[in-house]
Amino acid sequence: SQTIHQWPATLVQPVGSPLSLECTVEGTSNPNLYWYRQAAGRGLQLLFYSVGIGQISSEVPQNLSASRPQDRQFILSSKKLLLSDSGFYLCAWSRPTYNEQFFGPGTRLTVL
Amino acid sequence: EDKVVQSPLSLVVHEGDTVTLNCSYEVTNFRSLLWYKQEKKAPTFLFMLTSSGIEKKSGRLSSILDKKELFSILNITATQTGDSAVYLCAANQGAQKLVFGQGTRLTINP
């Protein structure tokens, strides 16, 4: 069976500090991978998605970047965090030709 | 602009009641409509609907899609306190892109 991991679970960072959130998937190969952000009381906003190693599509211009150094690893980064980067970050995966996406446990980021 | 709108935003009912959650969508290249349940952290997948008028059912939950009127409903019968959650709908618009609604927060009181 497939599992998806995210870490850390919670993170408190000062404004201007760097960020690195990691997501890994087990039990499948060549998944599509996604990063979403969920603001309090809001739906999920797609930030990035990737269909293969080194292939990143950005959906929303912002202070964040994503990388996929390995098939089942997806990293969300920032060089300098802003207050507006606070939120709940979710990683998800899907099989390449399927619509269903499956979510990881999320990282709650607070920027102070 | 692609958008998905859910209603109501919040709903409080008593255990045993039946609830209907609504989702309307306007997205380009629509492929399918998905429902998720989010309790504390990760949304969990409930249904995917691709054809109009065909009900999908799982226990006390059921859902149907109307591609002419561009909406879907999620029904929950004989609600239980464990059904309390935020219910999210999302429209798939190809290339595995999902556009999410803002969610309906459902609270079931004993």
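Here the structure is shown first, and the text comes after it.
All values derive from a computational prediction rather than experimental measurement.

Reading the values: rules and limits
Sequence positions are assigned chain by chain, starting from 1 and proceeding in written order. The lettering of chains begins at A and the numbering of ligands begins at 1, in the order of writing. Local features are withheld for residues below a pLDDT of 70 in this predicted model, meaning they are given only at 70 or higher, and side-chain atom pairs are given and counted only at 80 or more; totals for whole chains, interfaces and linings count all residues. In computing side-chain values, all of the structure's heavy atoms are included and hydrogens and water are not. Here, two cysteine sulfur atoms that lie within 2.5 Å of each other are counted as a disulfide. Starting at the N terminus, helices and strands are each numbered in turn, a helix being any DSSP run of H or I of at least four residues and a strand any DSSP run of E of at least two. Burial classes follow relative accessibility: with a 1.4 Å probe on protein chains only, a residue under 20% of its type's maximum area counts as buried, one over 50% as exposed, and anything between as partly exposed. In what follows, residue pairs with any heavy atoms lying within 4.5 Å of each other are defined as contacts. Here the quantity called buried area is the accessible surface, traced with a 1.4 Å probe, that two parts lose on coming together, added over both. Within this document, salt bridges are pairs made up of a side-chain nitrogen of Lys or Arg and a carboxyl oxygen of Asp or Glu, the two lying within 4 Å of each other. Here the rule is simple: two strands pair whenever DSSP picks up at least two bridges between them. Note on definitions: angles span 0 to 180 degrees between N-to-C directions of axes, and those axes are lines fitted to C-alpha atoms, for helices only across the stretch in contact. In this description, a nonpolar core means a group of buried Ala, Val, Leu, Ile, Met, Phe, Trp, Tyr and Cys residues linked to one another through side-chain atoms lying within 4.5 Å.

Enquirer: What should I look at first to understand the state of the cysteines in this one?
Expert: Put plainly, two cysteines are in a disulfide when a covalent bond ties their sulfur atoms together. Across all of its chains, the model carries 2 disulfides over all chains by this definition. The disulfide bridge from C23 of chain A ends at C91 of chain A, spanning 2.0 Å between sulfur atoms. Taking the sign of the S-S torsion, -75° for the link of C23 of chain A and C91 of chain A, the bridge is left-handed. Of this pair, C23 of chain A sits in strand β3 (residues 19-26) while C91 of chain A is found in strand β9 (residues 87-94), placing the two residues 68 residues apart along the sequence. Across the pair, exposure class does not vary: C23 of chain A and C91 of chain A are buried alike. Each sulfur in the disulfide pair C23 of chain B and C89 of chain B lies 1.9 Å from the other. Here the S-S torsion is close to 75°, and the disulfide linking C23 of chain B with C89 of chain B is therefore right-handed. Linking C23 of chain B in strand β3 (residues 19-26) with C89 of chain B in strand β9 (residues 85-92), this pair joins segments that are 66 residues apart in sequence. The two residues C23 of chain B and C89 of chain B agree in class, both being buried.

Enquirer: Help me out: how do you make sense of the interface of chain A and chain B in this one?
Expert: Accessible area lost during the coming together of the parts is what is often quoted as the interface size. Taken together, the contacts link 24 residues of chain A with 19 residues of chain B. Taken together, both faces of the contact between chain A and chain B bury some 1600 Å²; the carbon and sulfur share is 56%. Considering only the side of chain A, the residues that lose the most area to chain B are L44, N99 and F103 of chain A, jointly responsible for 31% of the buried surface there. The interface formed by chain A and chain B holds 1 salt bridge in total.

Enquirer: What's the story with the sheet that holds strand β7 (residues 61-66) of chain B in this structure? I'm lost.
Expert: Pairing between sheet strands relies on hydrogen bonds along the backbone, with the strands arranged either parallel or antiparallel. Residue and element names in this part refer to chain B. Pairing is antiparallel across the open sheet formed by 5 strands, whose spatial order is β1-β3-β8-β7-β6. Unpaired on one side and paired on the other, β1 (3-7) and β6 (56-58) mark the two borders of the sheet. Across this sheet, the average inter-strand angle for adjacent strands is 15°, counted without regard to direction. Sheet analysis places β6 next to β7, joined by 3 bridges and oriented antiparallel. Paired with S58 across the strands is L61, a residue of β7.

Enquirer: How should I be thinking about the nonpolar core in this particular structure?
Expert: In globular proteins that are soluble, nonpolar side chains generally tend to be buried together. Core analysis: the largest hydrophobic core is formed by 23 residues, its most contacted members being V4, Y25, L33 and W35 of chain B. For this core, the secondary-structure elements that each account for two or more residues are β3, β4 (32-38), β5 (44-49), β7, β8 (71-76), β9 and β11 (104-109) of chain B. The next biggest cluster of nonpolar side chains, apart from the first, holds 20 residues, and it includes V25, L76, C91 and L109 of chain A.

Enquirer: Sorry, what's going on with the pattern of salt bridges here?
Expert: Pairing is possible between side chains that carry opposite charge, provided their charged atoms lie close to one another. In this structure the tally under the stated criterion is 5 salt bridges over all chains. Here E59 of chain A ties to K97 of chain B by a salt bridge, and the two come within 3.4 Å at their closest N and O atoms. Taken together, the residues span two chains, with E59 of chain A in the loop between β6 (55-58) and β7 (65-70) and K97 of chain B in the loop between β9 and β10 (98-100). On the basis of relative accessibility, which here comes to 30%, the residue E59 of chain A falls in the partly exposed class.

Enquirer: Please clarify how the side chain of Q101 of chain A should be interpreted in this entry.
Expert: Note on placement: Q101 of chain A falls in the loop between β9 and β10 (102-103). The contacts of Q101 of chain A, once residues within four sequence positions are left out, are Y34, Y36, A92, W93 and S94 of chain A together with L34, Y36, Q96 and L98 of chain B.

Enquirer: So what exactly am I meant to see when it comes to the environment of F48 of chain A here?
Expert: Residues and elements named next belong to chain A. Summarising the element assignment, F48 is placed in strand β5 (residues 44-52). A relative accessible area of 4% means that F48 is categorised as buried. With 43 residues separating them in the primary sequence, F48 and C91 have C-alpha atoms 9.7 Å apart.

Enquirer: Any chance you could explain the pairing of β8 of chain B here in plain terms?
Expert: Consecutive side chains of a regular strand alternate in pointing toward one face of the sheet and then the other. Residue and element names in this part refer to chain B. Of all 6 residues that make up β8, 5 are buried, and the element is covered over most of its length. As defined by bridge partners, β3 adjoins β8 across 6 bridges and the pair is classed as antiparallel. By the bridge assignment, S24 is partnered in β8 with F71. For β7 and β8, the ladder comprises 6 bridges, and the chain directions are antiparallel. By the bridge assignment for β8, D66 is matched with F71. Linkage of β7 to β8, two consecutive antiparallel strands, is achieved through a turn of 4 residues, within which L70 is found at a positive phi near 60°.

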